[in-house]
Amino acid sequence: MDRRFDIVVIGAGPAGCLAALTAARAGCRTLLVEKHKTIGEPLCCAEGISFCGLNDNIPLDHSWIDADVERCYLRSPAGHELQFDHPDAGFVLSRRRFEQGMADLAVQAGCELATGTETVGLLNGSGERFHGVRLLDGQTTYDVGCQIIIAADGIESMVARWAGIDTTLPVEHLDSAAQFLFDGVPDLDPTRMEFYFDTQLAPGGYAWVFPKGNGIANVGIAVAPVVAQGRKAMPMLREFMRFRFGQRSPKPLKRTVGGIPEFCGRKFMLSRNVMVTGDAARLLDSITGAGIANALSSGRIAAETAVLYLQGGRGDLRVLKSYPERWMALRGREMLYFLWARQIFLRLTNADFDAMVAAMAQVYNGQTLTAIDPIDVIKRALRTRPSLLRLARHLVW
Amino acid sequence: MPAAELTLDVEVCSECGLCVAVCGYDALVLRPTILEIIHSECVLCDACVVACPTEALRIE
């Protein structure tokens, strides 16, 4: 064994960086491993996060933010529009500055950072726990010992699979997304998030425009392959661009694609002494596809639990079970509700979207809201369509 | 005619990892700057081809 640490965190995304920062600040010997040479790349994200999703997990640093969101806009297939002000709605982050910033804080707190280092396997120990990880730095393979492994290696996670968790996702349980970063987006409100619903334009999903300051925006689309009948996210994004921009096509700066796995409950979060966080554990909101806030909270709680295990747990692996329990107590209700609502969402017709947006617009258009309970919004939307209420009652939550 | 095989268009692939998530056979690994196909494990089930947001993966 070349080196020993208390905790090895694999993947320097939002979950991994906050886990490493939390562990290092608690005095644990922590190693943060990132396979890419640069933190925050490649980007597979629309970068939106709510105020609470960020600030409840880590004190806000304004240098991480590209745009303050104060307004939301929704458009239905027939052109019904819903727009309301929400001064503390959230932010569009620069994921690159955000993760680099958190990694810098972790290093200041004593965490060791290994970029350009691939994790190629777990070291089997007593059978009850893994006793380290095998790393590949360029051409050199070496072993690092540790007591706890935090897997934050994203949607493509291999660590969870090595730990014996089958995280394979059936194609029916995911959305496939594509996005361009554009300069010079026409009619761009720098504080407004735009959402477009249409079963032709974005089957099973929606299209979005998220501002990033200085006329730049993330313009993307998520579609559910299960209802898209073979149509792909990237060509559908080009169709949406023609719809949104008309003849005034802005300049594409960057192309991004990615996947949004459906929430699967707590079953992927823990195996022996391996704690799985963020996208690796499929902790994404099944309606909006948002994942950063869940990545942050799961990374933070995993690290806090690991610290408890190391400092007072006397090596009792049962201590680690409080990680999925605490996370589910915090987020489980909303996540399961969204998972249930997704089954309705996938069945919505364009007439449903038109009726719902029109009805919501009568109540909310031009209003200033201070807090939005997402569950309440879904309930209100469903109430506008009696046929959906009947469908909803048939689906088991 | 050679047997069908899963192929990757590296120009189109953005390394998003969605295909790895849907692969039940450990036939895909996202290495630091490239998606690696382990042909000996691939059963040509088509899941990754369906999931891919671009048209980077094909069976041909």
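Residues numbered from 1 in each chain as written. Chains lettered and ligands numbered in written order. Predicted model: local features only at pLDDT ≥ 70, side-chain atom pairs only at ≥ 80, totals over all residues. Heavy atoms only, no water.

### Let's talk about the overall build of chain B
Put simply, the rule reads: Numbered from the N terminus, helices here are DSSP runs of H or I no shorter than four residues, and strands are runs of E no shorter than two. Relative accessibility under 20% of the residue-type maximum defines a buried residue, over 50% an exposed one, and the middle range a partly exposed one, all with a 1.4 Å probe and only protein chains included. Throughout, the Shrake-Rupley method with a 1.4 Å probe supplies accessible areas, and for residues the shown protein chains are the sole cover considered.
When helices and strands are counted, chain B shows two helices and four strands. From first element to last, N terminus to C terminus, chain B shows the α and β order β-α-β-β-α-β. In terms of its C-alpha atoms, chain B occupies a principal-axis envelope of roughly 30 × 20 × 20 Å. Burial analysis of chain B (60 residues in total) assigns 43% to the buried set. A total accessible area of about 3100 Å² is found for chain B, and carbon and sulfur atoms account for 53% of it.

### Points about the nonpolar core
Inclusion rule: Buried residues of nine kinds, namely Ala, Val, Leu, Ile, Met, Phe, Trp, Tyr and Cys, make up a nonpolar core once their side-chain atoms join them within 4.5 Å. In this description, contact between two residues means that some pair of their heavy atoms is separated by no more than 4.5 Å.
Val8, Phe98, Ile149, Ile150 and Val274 of chain A are the most contacted members of the largest nonpolar core, which totals 71 residues. Setting aside its immediate chain neighbours within four residues, Val274 of chain A contacts Leu122, Phe130, Ile149, Ala151, Val159, Ala163 and Met269 of chain A. The next biggest cluster of nonpolar side chains, apart from the first, holds 50 residues, and it includes Phe180 of chain A together with Ala21, Val22 and Leu35 of chain B.

### What about helix 1 (residues 14-25) of chain A?
All names here are of chain A. The cut-off we apply is this: To estimate the expected span of a helix, subtract one from its residue number and multiply by 1.5 Å.
Spanning twelve residues, helix 1 covers 16 Å between terminal C-alpha atoms, matching the ideal 16 Å at 1.5 Å per step. Summarising burial for helix 1: eleven of the twelve residues are buried, a large majority. Taken residue by residue, helix 1 has Pro14, Ala15, Gly16, Cys17, Leu18, Ala19, Ala20, Leu21, Thr22, Ala23 and Ala24 as its buried positions. The elements touched by buried residues of helix 1 are strand 2 (7-10), strand 3 (30-33), helix 3 (95-108), strand 11 (148-151) and helix 7 (292-311). Phi turns positive, to about 90 degrees, at Gly27, one or two residues after helix 1.

### Some remarks on the packing of helix 1 of chain A against helix 3 of chain A
All names here are of chain A. Filter applied, for reference: Throughout, an axis means a line fitted to C-alpha atoms (over the contacting stretch in the case of helices), and angles, computed between N-to-C directions, take values from 0 to 180 degrees. Working rule for angles: under 35 degrees goes down as roughly parallel, over 145 as roughly antiparallel, 65 to 115 as roughly perpendicular, anything else as oblique. Crossing handedness follows the turn of the near helix against the far one: under a right angle anticlockwise gives a left-handed crossing, and clockwise gives a right-handed one.
Helix 3 packs onto helix 1 with a crossing angle of 20 degrees between their chain directions and a minimal axis gap of 8 Å. As the angle between them shows, helix 1 and helix 3 are arranged roughly parallel. Our pair here, helix 1 against helix 3, has a crossing hand that is left-handed. In contact with Pro14, Cys17, Leu18, Ala20, Leu21, Ala24 and Arg25 of helix 1, helix 3 contributes Arg95, Phe98, Glu99, Met102, Ala103, Leu105 and Ala106.

### Observations regarding the sheet that holds strand 1 (residues 3-4) of chain A
Rule in force here: Pairing between two strands requires that DSSP report at least two bridges joining them.
Reading across the sheet, the four strands line up as 1-10-9-8 (chain A) and stay open at both edges, with mixed pairing between neighbours. Edge positions in the open sheet fall to strand 1 and strand 8 (117-124) of chain A, since each of these has one partner strand only.

### A short note on the environment of Gln83 of chain A
Residue and element names in this part refer to chain A. Positionally, Gln83 belongs in strand 6 (residues 81-93). Owing to a relative accessible area of 28%, Gln83 belongs among the partly exposed residues under this scheme. Taking C-alpha positions, Gln83 is 9.7 Å from Thr368, a pair spaced 285 residues apart along the chain. Setting aside chain neighbours within four positions, we find Gln83 in contact with Arg71, Cys72, Tyr73, Arg192, Tyr364, Asn365 and Gly366.

### A short note on the interface of chain B and chain A
Basically, it comes down to this: A 1.4 Å probe defines the accessible area here, and the buried area is the portion of it lost by two parts on being joined, summed over both. Criterion for a salt bridge: a side-chain nitrogen of Lys or Arg within 4 Å of a carboxyl oxygen of Asp or Glu. The definition of a polar contact used here is a pair of N or O atoms within 3.5 Å, where within protein one atom must be able to donate a hydrogen and the other to accept one, and adjacent residues in sequence count solely through side-chain atom pairs.
Listed as interface residues are 27 residues of chain B and, on the opposing side, 28 residues of chain A. Taking both sides of the interface into account, the surface hidden between chain B and chain A amounts to around 2100 Å²; carbon and sulfur atoms contribute 59%. A per-residue breakdown of the area chain B buries against chain A is headed by Ala21, Pro32 and Pro53 of chain B, which together make up 25% of the total. At the boundary of chain B and chain A, one finds two salt bridges. Asp26 of chain B serves as the salt-bridge partner of Arg161 of chain A, at 2.8 Å between the closest nitrogen and oxygen. Between the two partners, chain B and chain A, sit 15 residue pairs in polar contact (both at pLDDT 80 or more). For the side of chain B that touches chain A, the secondary structure elements donating two or more residues are helix 1 (18-22), strand 2 (28-30) and helix 2 (47-51) of chain B.

### Focus on the pairing of strand 2 of chain A
Residue and element names in this part refer to chain A. The condition is simple: When the strands point away from the viewer and the connection leading from the first strand across the helix to the second strand turns clockwise, the crossover is called right-handed.
The alternating pattern of strand 2 places Ile7 and Val9 and Val8 and Ile10 on opposite faces, both of which are buried. As defined by bridge partners, strand 2 adjoins strand 3 across four bridges and the pair is classed as parallel. Note that in strand 3 the partner of Ile10 across the bridge is Val33. With respect to chirality, the unit in which strand 2 leads through helix 1 into the neighbouring parallel strand 3 is right-handed. The sheet contact formed by strand 2 and strand 11 spans four bridges and is parallel. By the bridge assignment, Ile7 is partnered in strand 11 with Ile148.

### Observations regarding the packing of helix 1 of chain A against helix 7 of chain A
All names here are of chain A. To keep things clear, this is the line we draw: Note on residue categories: nonpolar means Ala, Val, Leu, Ile, Met, Phe, Trp, Tyr, Cys or Pro, charged means Asp, Glu, Lys or Arg, and polar means any other residue, Gly included.
Running from N to C, helix 1 and helix 7 point in directions that differ by 30 degrees, and their axes come no closer than 7 Å. When the interaxial angle is binned, helix 1 and helix 7 end up roughly parallel. Between helix 1 and helix 7 the crossing geometry is right-handed. Along its contact with helix 1, which presents Pro14, Ala15, Leu18, Ala19, Thr22 and Ala23, the element helix 7 presents Ile292, Ala295, Leu296, Gly299, Arg300, Ala303, Glu304 and Val307. Looking at the contact of helix 1 with helix 7 residue by residue, the classes come out as ten nonpolar, two polar and two charged.

### Digging into the sheet that holds strand 18 (residues 274-276) of chain A
All names here are of chain A. Spatially, six strands are ordered 7-3-2-11-18-17 in an open sheet, and the strand pairing comes out mixed. Edge positions in the sheet fall to strand 7 (112-114) and strand 17 (270-271), since each has one partner strand and no second. Relative to strand 7, strand 3 is paired through three bridges, and the arrangement is parallel. When the bridges of strand 7 are listed, Leu31 appears paired with Glu112.

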